[in-house]
Amino acid sequence: NLVVDVGRSSRKVAEAPVAQTGTRMKAPIKSRTSREGNRFYFEFFKEDENNRELLETLLRNYESIPGEVPLENFSRDEQLAYWINLYNLTVINEVTKIYPKRSLKRVLTGRKSILSKKLLNVAGVPLSLNDIQHGILDPNYDNNPLIMYGLYQGIIGGPSIRKSAYTGANVWKNLARNAAEFINSNRGTFPGRRDDFQVSSLYERNENYFPDFDADLKEHLLAYLDPPEKD
């Protein structure tokens, strides 16, 4: 209920913002992407302490599942869904703490990145979000690039948060849907003015999925791109 699904990108560029009467101030936007990417209603947790405690409790309960029921009892797809949901809940919890900070670049990158902090303790093992992605998901799921499209970053320029949690039955289907949505948006790809084709920095940050980077990324994008960008 807190996710607003904006649908597939139309590739249209938003008009420049107009200053309000009596001021020259304009809200800065990235015109290519401002209409894209699902939105999350962080205010629900930020403005009410009871809701804030609810989110923290939800996260900790979810975090504790493997300590009560070993993940080996679940199918591989159910385990994948568990880790992605835990990752996304943690990101939502961390972004809520600093909302409405406009830029998350320093939050997501660098030595103090929330992705590298040991924010979780699963079955007695301290884990960071990078540990989940690169230490658990990548090696156990054949370094499949679809994984990165399920990992919410709290930013418009990243993969969208979905309106429902991942499950063992829908995880691969919904990862593929997220990939198609992202790749066919200005957030993911954008034709240049000449013969160049611009891609999101998300791929550079996840270059481990593409050993022969240019060739493997091109093959990956062509598998999901629609015309005319595919042409």
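Calculation rules
- Residues numbered from 1 in each chain as written.
- Predicted model: local features only at pLDDT ≥ 70, side-chain atom pairs only at ≥ 80, totals over all residues.
- Heavy atoms only, no water.
- Helix = DSSP H or I, 4+ residues; strand = E, 2+ residues; numbered from the N terminus.
- Rg over C-alpha atoms; globule rule 2.2 N^0.38 Å.
- Buried < 20%, exposed > 50% of the residue type's maximum accessible area, 1.4 Å probe, protein only.
- Contact = heavy atoms within 4.5 Å.
- Areas by Shrake-Rupley, 256 points an atom, 1.4 Å probe, with all protein chains shown as cover.
- Salt bridge = Lys/Arg side-chain N within 4 Å of Asp/Glu carboxyl O.
- Polar contact = N/O pair within 3.5 Å; in protein donor to acceptor, adjacent residues only side chain to side chain.
- Axes fitted to C-alpha atoms, helices over the stretch in contact; angles between N-to-C directions.
- Parallel < 35°, antiparallel > 145°, perpendicular 65-115°, else oblique.
- Nonpolar A, V, L, I, M, F, W, Y, C, P; charged D, E, K, R; others polar.
- Core = buried A, V, L, I, M, F, W, Y, C linked by side-chain atoms within 4.5 Å.
- Left-handed = near helix turned anticlockwise from the far one by under 90°.

Before going further, it helps to spend a moment on the overall build of the chain. When helices and strands are counted, the chain shows 9 helices and 6 strands. The C-alpha radius of gyration computed for the chain amounts to 19 Å, which stays within 12% of the reference 17 Å derived for 231 residues, consistent with globular compactness. Counting only C-alpha atoms and orienting by the principal axes, one finds that the chain spans roughly 55 × 50 × 35 Å. When the 231 residues of the chain are sorted by exposure, 42% land in the buried category. Counted over contacts in the chain with a minimum sequence separation of 6, partners at least 24 positions apart contribute 64%. Taken as a whole, the chain presents about 13500 Å² of accessible surface, with 50% of it coming from carbon and sulfur.

Any two side chains of opposite charge can pair if their charged atoms end up close together. As enumerated under the stated definition, the model contains 7 salt bridges in all. With a closest N to O distance of 3.8 Å, Arg 11 and Glu 229 form a salt bridge. With a gap of 218 residues between them, Arg 11 in the loop between strand E1 (3–4) and strand E2 (39–40) and Glu 229 in the segment after helix H9 (213–222) connect regions that are remote in the sequence. Between Asp 131 and Lys 118 there is a salt bridge; the shortest N-O distance is 2.6 Å.

So, about the side chain of Asn 88. Looking at the element boundaries, Asn 88 is found in helix H4 (residues 76–98). Only 3.0 Å separates the side chain of Asn 88 from the backbone oxygen of Gly 150, close enough to count as a polar contact. Apart from the residues lying within four places of it in its own chain, the contact partners of Asn 88 are Gly 150, Leu 151, Tyr 152, Ile 161 and Tyr 166.

In contact at an axis separation of 9 Å, H4 and helix H7 (residues 171–183) are set at 50° when each is read in the N-to-C sense. Here H4 lies oblique to H7, going by the angle between them. Contacts between H4 and H7 involve Asp 77, Leu 80, Ala 81 and Ile 84 from the former and Val 171, Trp 172 and Leu 175 from the latter. The class makeup of the residues in the contact of H4 with H7 is 6 nonpolar, no polar and 1 charged.

Turning to the nonpolar core, a few remarks are in order. Core analysis: the largest hydrophobic core is formed by 53 residues, its most contacted members being Trp 83, Leu 86, Leu 137 and Tyr 203. Ranked by residue count, the leading element in this core is H4, at 11 residues. Filtering out sequence-adjacent residues up to four positions away, Tyr 203 remains in contact with Met 148, Tyr 149, Phe 182, Ile 183, Gly 188, Phe 210, Phe 213, Leu 217, His 220 and Leu 221.

What follows is about the packing of H4 against helix H6 (residues 129–140). For the pair H4 and H6, the least separation of the axes is 11 Å and the interaxial angle reads 160°. When the interaxial angle is binned, H4 and H6 end up roughly antiparallel. Our pair here, H4 against H6, has a crossing hand that is left-handed. Taken together, the residues of H6 that come into contact with H4 (itself represented by Arg 76, Leu 80, Trp 83, Ile 84, Leu 86, Tyr 87, Thr 90 and Val 91) are Leu 129, Ile 132, Gln 133, Ile 136, Leu 137 and Asn 140. Split into classes, the residues belonging to the contact of H4 with H6 amount to 10 nonpolar, 3 polar and 1 charged.

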